[in-house]
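Coordinate analysis (summary)
Here's the letter readout for the chains.
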Amino acid sequence: MSSDPDITRLPASPPPPPDARDAAVQQALLRFDRKSAATAQGISTDIRLIERTAASLRPSRERPVMKRTRYLLAASLACLVVGSGAYLHLIRSPQVAQFAPPLQPRVASNEAAQAEPTVQAKKESESQAQPQTQIPTATPAAKPNPEAAAPSAAAAPPPATPHVEDRILSRVAPQAPAATDRVQGFMPGTPSPYSARSRGDYRTDDGFNRASPPAFAQQMAPAESLPDHTQRERVFGAAEPAGRDKFANAPENAFQIARDAPVSTFSIDVDTASYAFVRAQLNRNVLPPAASVRTEELINYFPYDYEAPASADEPFRANVAVFPNPWAEGRKLMRIGIKGYALQQTNRPRANLVFLIDTSGSMQPQNRLPLVKQSLAMLVTQLQPEDRIAIVTYAGNAGTALEPTSVSEKAKILTTIDRLEAGGSTAGAEGIRHAYALAEQNFDASGVNRVILATDGDFNVGITNRDELKGFVERQREKGIFLSILGVGMGNYNDALAQTLAQNGNGVAAYIDTINEARKVLVEEASSTLFPIGKDVKIQVEFNPAAVAEYRLIGYETRLLNRDDFTNDKVDAGDVGSGQTVTALYDIVPVGGPRTVDDLRYGARAAASGAPSPAEYAFVKIRYKLPRSDRSVVISTPVDRGSESARFEEAPLDARFATSVAAFGEILRGGKHTGQFGYDDVLRIASAARGDDPYAYRAEFLQLVRAAKTASAMQPLRP
């Protein structure tokens, strides 16, 4: 039998006539039907030869197909090489790069987590035309990487570049929105930073991905983009600014000659913002700017165990002491302490509060709006059911997030606070007007009416002039609506504006840098923060030139008053809250002591050092008004030899600790009057005078002094 190759080489037989072929086919079909009528259908084994023959015929027919396939493959590879080069050229072209979405580093271990939202986003994009009742979520096939989902803390978009919303988009983790609506500022339908222009993922040759937005962001994207400055502020995780903090720059008080200027007058200051700001700086291992250090606010940060008044009818009692100055031999310190009457919880008035919350883009970082929300939530827990709260927010404009609501509806209030989100510019003046209007609308004649402003002070829309805002707040103060400030943030914190508004609004200015500070101000000291027992409190000290040659008030540079302001009830001064303490220190040079200012050649001479010492160093007067009165009351006390301690170690414990804090503040400001007194000396005095410290405030102070010893003079530059 011939082999398969021999069969393939046989000459082809001539084709049969058509009629013969049809007849042969019909006969074959009839024979097949008769033969296989009783057998199962299928392929007979006799046909194997045909299969073998067919198999041997395939190569001859497939050879042209293989050749064509090779040509097509080679052409495809050539096109791919040429196309890749053109694509890389376009990607690196500056004209194209400025319109491209931002780059995100691709981490190898995170490819699965990145690829899954991308596929999901494409599926959702294809089905946008169909009505959707639920936002799709990613399949749990790949576990998302938290580093990929979290925004970069150091990434900030370059200013004034096209398509800023695309840059913002690349920093937003792809996640579904919360079930409840978020309040961005207060306005519904606030434009979203997402752009409808980004629809796909792109890959570049440098190992970076260009991420497309989540599908829900594409659906919610507005047709137009927001202004560039708004978009920059709304970047999630953007690094905080640096070096733009603003402080009231007042020179240190100088020594005064008692014979020429025997009277010193100032308004009390119960603010504590400076201490908290100093602490925040030192916790970053950076010394605070000298202008940010107000020594009196460092001293008054701590409670002191002064003798309390007996009743609210006379809400103050003065405590005086004289003792040697530890940093200047031959000089003395005179301490004036005031203790306010502590209201009982059952006797305190109702509170009509308006939370005015800055929700602008600069409030995005964790130590700003998120910290404010936690702080105000803690304050809500301290109020009584009959108190009322309203919430006003402001960003590009202002509006009401919560109408006046009884604290008995605590869940509603806390939910509104939790829904707040930041974004936009800062129309602070508009927000203040709106909050005061709401407070006036719900004015409680028998209660405390107060606006609590939480902000970084970075007002950049509307009225930004400090004097205009000051005048507006003063007029509202006359109506019985007061203003307190909760400052947050660092880098663009406007402390000068916060101090001006709080001082003229009969309120306190606190700086919230940690949740513990929020607890101190709004929980442990809530009564003193919200409920004043005396307003327009002024102190006037008349020194006896026969006993005191020179004196210097430590701190209070921004609170100094003229001599005749003391008796003028139209002149505003600070308030004292329930149970609050106020401390002032004078550095005095006794007659015969080491003078800091020489006598004039032609002026009157000071008393001779051998003359007998008079009985009194000074006479202290305190003028105040009761919260619902417009007429002032005066209480006074002499500072005589009976208040003096011969040795510093014999001085009252609180006086010694206040001295250590004052020295620390003076050293941070440059140490102009403290000589060689250093941080170790501060630690020595403060450690010995720590006393009772239930909240560990004084223990924390010791740690701050130690931190100041090694802190840098300037914040290091970012890489």
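Summary of the structure given here.

**Examining the sheet that holds strand β17 (residues 548-553)**
One open sheet accounts for five strands, arranged β5-β17-β19-β8-β7; its pairing is antiparallel. Single-partner strands in this sheet number two, and they are β5 (256-257) and β7 (316-324). Pairing analysis gives two bridges linking β5 to β17, with the strands arranged antiparallel. Following the sheet pairing, Ile 257 is matched in β17 by Glu 550.

**Things to note about the nonpolar core**
Judged by nonpolar contacts, the single largest core of 42 residues is most densely connected at Phe 302, Phe 657, Phe 664, Val 682 and Phe 701. Contributing elements (two or more residues each) for this core: α10 (273-283), α11 (295-299), β7, α19 (653-668), α20 (679-688) and α21 (697-710). Broken down by element, this core gets its largest block of residues, nine residues, from α19. Once you skip the residues sitting within four places of it in the chain, Phe 701 turns out to touch Tyr 275, Phe 302, Phe 657, Ser 660, Val 661, Phe 664, Val 682 and Ala 686.

**Brief notes about the sheet that holds strand β10 (residues 388-394)**
Pairing is mixed in the open sheet, where six strands are placed in the order β11-β10-β9-β13-β14-β15. Each edge of the open sheet is held by one strand with a lone partner, namely β11 (398-406) and β15 (509-511). Each neighbouring strand pair of the sheet contributes to a mean axis angle of 20°, computed without reference to strand direction. Two strands pair when backbone bridges link them, and strand β9 (residues 351-358) and β10 are joined in this way by seven bridges, in the parallel orientation. Following the sheet pairing, Ile 357 is matched in β10 by Thr 393. Sheet strands touched by helix α13 (residues 410-418): β9, β10 and β11. Its angle to β11, the strand with the most contacts, is close to 160°. In this fold helix α16 (residues 495-504) packs onto β13 (448-455), β14 (481-487) and β15, with an angle of close to 155° to the strand it touches most, β14.

**Some words on a nonpolar patch on the surface**
The grouping of Leu 73, Leu 77 and Leu 80 at the surface amounts to a nonpolar patch, some 320 Å² of accessible area in total. Mapped onto the elements, Leu 73 comes out in helix α3 (residues 48-92). The class for Leu 73 is exposed, based on a relative accessible area of 53%.

**Topic: the pairing of strand β8 (residues 332-340)**
Burial within β8 is extensive, with nine of its nine residues counted as buried. Residues Lys 332, Met 334, Ile 336, Ile 338 and Gly 340 point to one face of β8 and Leu 333, Arg 335, Gly 337 and Lys 339 to the other, with burial holding for every one of them. In this structure, β8 lies alongside strand β19 (residues 581-590), joined through eight bridges in antiparallel fashion. Bridge pairing links Met 334 to Tyr 586 in β19.

**Structural notes on the packing of aromatic side chains**
Here the structure, examined in full by the defined rule, presents 24 aromatic pairs. Here the aromatic rings of Phe 266 and Tyr 556 are separated by 4.7 Å at their centres, their planes lie at 50°, and the arrangement is tilted. Taken together, the residues Phe 266 in strand β6 (residues 263-267) and Tyr 556 in the loop between β17 and β18 (574-577) connect sequence positions 290 residues apart. Judged by its relative accessible area of 0%, Phe 266 falls in the buried class. An aromatic cluster of three or more residues is present, and its members are Tyr 275, Tyr 301, Phe 302, Phe 657, Phe 664, Tyr 679, Tyr 695, Tyr 697 and Phe 701. Over the aromatic face of Tyr 301 sits the side chain of Lys 520, whose NZ or CZ is 4.1 Å from the ring centroid. One Lys or Arg, Arg 552, reaches over the ring of Phe 255 and ends 5.7 Å from the middle of that ring.

Basis of the calculations
Residues numbered from 1 in each chain as written. Predicted model: local features only at pLDDT ≥ 70, side-chain atom pairs only at ≥ 80, totals over all residues. Heavy atoms only, no water. Pairing = 2+ DSSP bridges. Helix = DSSP H or I, 4+ residues; strand = E, 2+ residues; numbered from the N terminus. Core = buried A, V, L, I, M, F, W, Y, C linked by side-chain atoms within 4.5 Å. Buried < 20%, exposed > 50% of the residue type's maximum accessible area, 1.4 Å probe, protein only. Contact = heavy atoms within 4.5 Å. Axes fitted to C-alpha atoms, helices over the stretch in contact; angles between N-to-C directions. Patch = residues over 30% accessible without salt bridge, like charges linked within 9 Å, V, L, I, M, F, W, Y side chains within 5 Å. Areas by Shrake-Rupley, 256 points an atom, 1.4 Å probe, with all protein chains shown as cover. Salt bridge = Lys/Arg side-chain N within 4 Å of Asp/Glu carboxyl O. Phe/Tyr/Trp six-rings, centres within 6.5 Å; stacked < 30°, edge-to-face > 60°. Lys NZ or Arg CZ within 6 Å of the ring centre and 35° of its normal.

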